[in-house]
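# Tertiary structure, described
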Amino acid sequence: MSSSSTAGSSSRSSSLPSSTFELHLADERPAAAGGDVLVLFVRAGKDGPELLGHDGHRELLGQLKVTGAPDQLVRVPSGVVDELPVALVGLGSDVTASALRAAAGTAARLSAGDRRLIIEAPDVGSGAQDETASAADGTGEADRRLAALLEGAALGGYVYEGRPRGDDDRSPASKIVVVGSSQASEALVERATVLAQSVHLTRELVNTPPSAQSPDALAQAAVEAACGLPIEVRVWTETELADDGFGGILGVGSGSTRPPRLVRLDYAPDAAAGHIAFVGKGITFDTGGLSLKPPTSMVGMKYDMAGAASVLAVVIAAARLRLPVRVTGWMCIAENMPSGSAIRPNDVLTIRGGTRVEVLNTDAEGRLVLADGLRAATEEHPDAVVDIATLTGAQMVALGTRYSAAMGDDGLVKQVTDAAERAGELVWPMPLPSELRARLRSEVADLTNATPGNTAAGMLLAGVFLREFVGRSSDEPDAATVPWAHLDIAGSAQNDGAPYGYTPKGATGVLVRTLITLTEEFSAR
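As the structure is a computational prediction, the values presented were derived from the model and not from experiment.

What follows concerns the overall build of the protein chain. Of the regular secondary structure elements, the protein chain holds 14 helices and 21 strands. In terms of principal-axis extent, the alpha carbons of the protein chain reach across some 75 × 45 × 45 Å. Looking at the protein chain as a whole, 57% of its 525 residues qualify as buried. By sequence separation, contacts in the protein chain at least 24 residues apart represent 75% of the contacts at least 6 residues apart. Summing over all exposed atoms, the protein chain offers an accessible surface of approximately 20,100 Å²; the carbon and sulfur share of this is 49%. Computed over 45 positive and 65 negative side-chain charges, the separation of the two mean positions in the protein chain equals 3 Å.

This is how it looks when you write it as structure tokens:
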């Protein structure tokens, strides 16, 4: 059985990725052609490195200093291991779906310039380490590994469209073939293609220079991305934001000559099994406003709209995968700049719904735009709402740059962390202590947005603030609040270090796959 899909996007907007790749799953190796490279995997075994699927070669591996460590790739010319040139890629000690995904990503990332990658799925049999998580649709372990190989290779084959001239030799392989057998070939290929293109879209938007990405430009990119899909899109202008009471977004954007926007994306298929809403922080550049950041902290603040880009990508994926669940996305977009019209510390903003917030730190702006988005999203009484944001430096202090933080209602947080495990992404649950609410008291408003001078539990305090704006599950006054989870990706949304696995330097597109997996689970309930 063989299946293929071509991934790409419209070239109408320069902010959207225009590169294409062909992804295939075939039960037999294709006939050799010029420019082919065969990818084989090496496990770091107890008795030394082991070339999976090929007996012997231990002496060769030793001569080449192949260890099987993750992210190691060693090239071998044709005629040594196989008739084709071979890329030996390290898996680490355990052959899991996560390890295969990362190794396939390494192969694609480090094989730029090759015409076609042929990735041989290892037949690891009983020696493989089973993973406890199972796919929502009951996919078996073999299919999970094939899916991981497809995803990793497609994810690793990304380069920023705006890369410097003269770097054409860095273009990724245009064709990727994973050799392995499955009764679900077409579905596996389609899902991997959609997931990869969704992550690529997020990375491309986040990597875009801020001069080219005003709030309106990001809003128009959303319109372009949704074109041709069954998604209803509404964009609020600054006048409409004022008319509809979005004081947080308006306040944050008031210092910029490029006015703020709010984008609502609604994918509502017939007979939807449920309704999940996503809210994303979309600060196209964050100077800190009048609470100005120091120069070194300001570099990289173009990525402060990663949450909004992720929300866009998830809604697009749900529509492309035709998931039987309603998905609404809210992109809360503004540019946080200092000027004579910018909000000041001690100003009071009225959030949608009437809650008044005293601004004590204009650099705690993300929670102000999310407050508007959470209130608007929960007015529609979805079954769950998840916000995602590059929100606090405290998140990086607590969890570093590879783990994301999850806070909120225990049940939904557990669903998110389970989805992350299935997607192979790193999420750590964090508490929201009720005693922190007292720190947000204001003498002139309902609450403050920050506590300058007190850095304790900064990530958690932001979550406690956001919880105030989660609405009720129905119009009944005693109804419970909508189940809510808050994801802080301040550290994980941007990779300032060396590339690894399928993760490039720059924007990572983190948690897009997790949220797509979560949405699939809602559709399967």
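Here we have eight strands laid out as an open sheet, ordered S9-S10-S12-S11-S15-S19-S16-S17, and mixed in their pairing. Strands with a single pairing partner mark the edges of an open sheet, and in this sheet they are strand S9 (232-236) and strand S17 (427-429). Neighbour-to-neighbour, the strand axes of the sheet open up by a mean angle of 20 degrees, direction not taken into account. In terms of strand pairing, strand S11 (residues 275-286) meets strand S12 (residues 326-336) through 10 bridges, oriented parallel. Pairing of Asp286 across the sheet is with Asn336, part of S12. Contacts between helix H12 (residues 410-423) and the sheet are confined to strand S15 (384-389), strand S16 (404-408), S17 and strand S19 (484-488), with S19 contributing the most and set at about 50 degrees to the helix.

With that settled, the discussion passes to unusual backbone geometry. Not every positive phi belongs to a glycine, and Arg322 is a case in point at roughly 60 degrees. Structurally, Arg322 can be placed in the loop between helix H9 (306-320) and S12. Positive phi, normally seen in glycine, also occurs at Ala457, with a value near 55 degrees. Note that Ala457 resides in the loop between strand S18 (447-448) and helix H13 (458-467). The exposure class assigned to Ala457 is partly exposed, which follows from its relative accessible area of 31%.

Let us now look at the packing of helix H3 (residues 141-156) against helix H4 (residues 185-207). Helix-helix packing is characterised by the crossing angle of the two axes and by the distance between the axes. Relative orientation of the contacting elements H3 and H4 amounts to 35 degrees, with a least axis distance of 9 Å. The crossing of H3 and H4 is right-handed. For the pair formed by H3 and H4, the contact residues are Asp143, Leu146, Ala147, Leu150, Glu151, Ala154 and Leu155 on the first element and Leu188, Val189, Arg191, Ala192, Leu195, Ala196, Val199, His200 and Arg203 on the second. Each residue belonging to the contact of H3 with H4 can be placed in one class, and the counts come to 11 nonpolar, one polar and four charged.

For S15, the tally of buried residues reaches six of six residues, placing the bulk of the element in the interior. Where burial is concerned, the two faces of S15 agree: the one with Ala384, Val386 and Ile388 and the one with Val385, Asp387 and Ala389 are both buried. As paired strands, S11 and S15 are joined by five bridges and run parallel to one another. Bridge assignment links Val279 to a residue of S15, and that residue is Asp387. Bridge analysis of S15 against S19 gives five bridges, and the strand direction is parallel. The residue bridging Val386 from the neighbouring strand is Ala485, located in S19.

A separate point is the confidence of the model for the protein chain. Averaged over every residue, the pLDDT of the protein chain is 92; the share at 70 or more is 92%. Low confidence marks residues 1-16, where pLDDT is under 50. Its contacts with residues over four positions away, or in another chain, come to 49 contacts.

Another point: the packing of aromatic side chains. For the structure shown, the criterion picks out four aromatic pairs. Between the aromatic rings of Tyr403 and Trp428, the centroid separation amounts to 6.2 Å while the plane-to-plane angle is 85 degrees, which identifies the pairing as edge-to-face. Within this pair, whereas Tyr403 is found in the loop between helix H11 (393-399) and S16, its partner Trp428 is found in strand S17, the two being separated by 25 residues in sequence. Three or more aromatic residues link up through ring pairs in this structure, and these residues are Trp236, Phe246 and Trp330. Of note, Arg402 hangs over the ring of Tyr500, and the distance from its end group to the ring centre comes to 3.5 Å.

Strands sit in the order S13-S14-S18 across an open sheet of three strands; the sheet is mixed. Either end of the sheet is taken by a strand with one partner, and the two such strands are strand S13 (348-350) and S18.

Helical geometry: 3.6 residues make up each α-helical turn, so side chains three or four residues apart lie on a common side. With 13 residues, helix H14 (residues 512-524) ought to run about 18 Å at 1.5 Å a step, and its terminal C-alpha atoms sit 19 Å apart, in line with that. Here H14 lies mainly inside the structure; 12 of its 13 residues are buried. All buried positions along H14 are accounted for by Val512, Arg513, Thr514, Leu515, Ile516, Thr517, Leu518, Thr519, Glu520, Glu521, Phe522 and Ser523.

Further remarks concern the packing of helix H2 (residues 97-109) against H3. The contact between H2 and H3 brings their axes to 7 Å, and the two run at 30 degrees. Taken as axis vectors, H2 and H3 run roughly parallel relative to one another. Once H2 is placed against H3, the crossing between them reads as right-handed. Listed contacts from H3 to Ala97, Leu100, Arg101, Ala104, Gly105, Ala108 and Arg109 of H2 are Arg144, Arg145, Ala148, Leu149, Glu151, Gly152, Ala153 and Gly156.

Rules of the game
- Residues numbered from 1 in each chain as written.
- Predicted model: local features only at pLDDT ≥ 70, side-chain atom pairs only at ≥ 80, totals over all residues.
- Heavy atoms only, no water.
- Helix = DSSP H or I, 4+ residues; strand = E, 2+ residues; numbered from the N terminus.
- Buried < 20%, exposed > 50% of the residue type's maximum accessible area, 1.4 Å probe, protein only.
- Contact = heavy atoms within 4.5 Å.
- Areas by Shrake-Rupley, 256 points an atom, 1.4 Å probe, with all protein chains shown as cover.
- Lys, Arg positive; Asp, Glu negative; His and termini not counted.
- Charge placed at Lys NZ, Arg CZ, Asp CG, Glu CD.
- Pairing = 2+ DSSP bridges.
- Axes fitted to C-alpha atoms, helices over the stretch in contact; angles between N-to-C directions.
- Left-handed = near helix turned anticlockwise from the far one by under 90°.
- Nonpolar A, V, L, I, M, F, W, Y, C, P; charged D, E, K, R; others polar.
- pLDDT = per-residue confidence, 0-100.
- Phe/Tyr/Trp six-rings, centres within 6.5 Å; stacked < 30°, edge-to-face > 60°.
- Lys NZ or Arg CZ within 6 Å of the ring centre and 35° of its normal.
- Expected span 1.5 Å × (residues − 1).
- Parallel < 35°, antiparallel > 145°, perpendicular 65-115°, else oblique.

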